[in-house]
Every structure is written in structure tokens, then in C-alpha cells.
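Letter by letter, the chains look like this.
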Amino acid sequence: LEQRRLAVEMQGQHLYFCGQYEDAMVQYRRCLEMVAAQGGNKAHEKVYHGKIGSCLENLKRYDEAASAYEQSAEAAEAAGDGAGALEKRRFAIEKQGQHLDGCGQYED
């Protein structure tokens, strides 16, 4: 299952670099499912949620990107990666700001 997960991740990366962000997210979500099937690994979850956040960001779906980055931050925290959690939370706040800006909610 580990080799399969790595192959799926590579497919996701290829799709991402080709600008096919929706398809890349499908692959990264498959990776998350495989990680869960193996009993979970917070470090891997952090990475895949972050990659999904990047895809959503490129699709200008900032509110969803913020949510993905927050999930990544939670996984980083659970994995004992305090610095990674802070960075992901910063991304989440930035994306929420971009979403609000796009909605014309400048004071929030």
C-alpha cells in the first residue's frame, strides 16, 4: 500500500505541475485515504492537506484553501511539528483574508 500511495502522490504532483489542480486534488485525497487505511500518519496527513490547499489556492478557492491549511496545521501539531503548524496557520489566515477581500469584506 505504501508503494501505491507514493505512485498516486507522484501522479498528483504531475497533474499539479501541469495545472490540472482538480485532478491533482483527487490523487491527494486518495493518498489521504490510503494513509487512513494504514492507521494514520499525521506527518503524511499534514503534507497532503497542504497540497490540497495549494491546489485550491491556485483555483482561487481561498476559503476552501484556508480550511485545508487549517487541517494541515492540526495534523502538524498532532505530529509534534510546532513550526509547521504555525506556518500552515499563517497560510490559512492569509487565504481567509483573500477570500474576504474577494467578497468585498475589507474590514474583516
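Residues numbered from 1 in each chain as written. Predicted model: local features only at pLDDT ≥ 70, side-chain atom pairs only at ≥ 80, totals over all residues. Heavy atoms only, no water.

Draft legend 1. Spotlight on helix α2 (residues 21–37). In a regular helix each residue adds 1.5 Å, so 17 residues correspond to 24 Å; α2 covers 24 Å between its end C-alpha atoms and thus fits that length. Within the span of α2, buried status applies to Ala24, Met25, Gln27, Tyr28, Cys31, Leu32, Met34 and Val35. Looking at the buried residues of α2, the elements they touch are α1 (2–17) and α3 (42–58). (Helix = DSSP H or I, 4+ residues; strand = E, 2+ residues; numbered from the N terminus. Expected span 1.5 Å × (residues − 1). Buried < 20%, exposed > 50% of the residue type's maximum accessible area, 1.4 Å probe, protein only. Contact = heavy atoms within 4.5 Å.)

Draft legend 2. Molecular detail of the pattern of salt bridges. Under the counting rule described, the total for this entry stands at six salt bridges. For Glu2, the salt bridge identified is with Arg5, shortest N-O distance 2.3 Å. Of the two residues, Glu2 and Arg5 are both situated in helix α1; the distance of three residues between them amounts to about one turn of the helix. Arg5 sits in the buried class, given a relative accessible area of 2%. Lys42 is paired through a salt bridge with Glu45; the nearest N and O atoms lie 3.3 Å apart. In this pair, Lys42 and Glu45 both sit in helix α3, three residues apart, roughly one turn of the helix. Assessed through its relative accessible area of 38%, Lys42 is described here as partly exposed. (Salt bridge = Lys/Arg side-chain N within 4 Å of Asp/Glu carboxyl O.)

On their own, these measurements won't tell you what the molecule is for.
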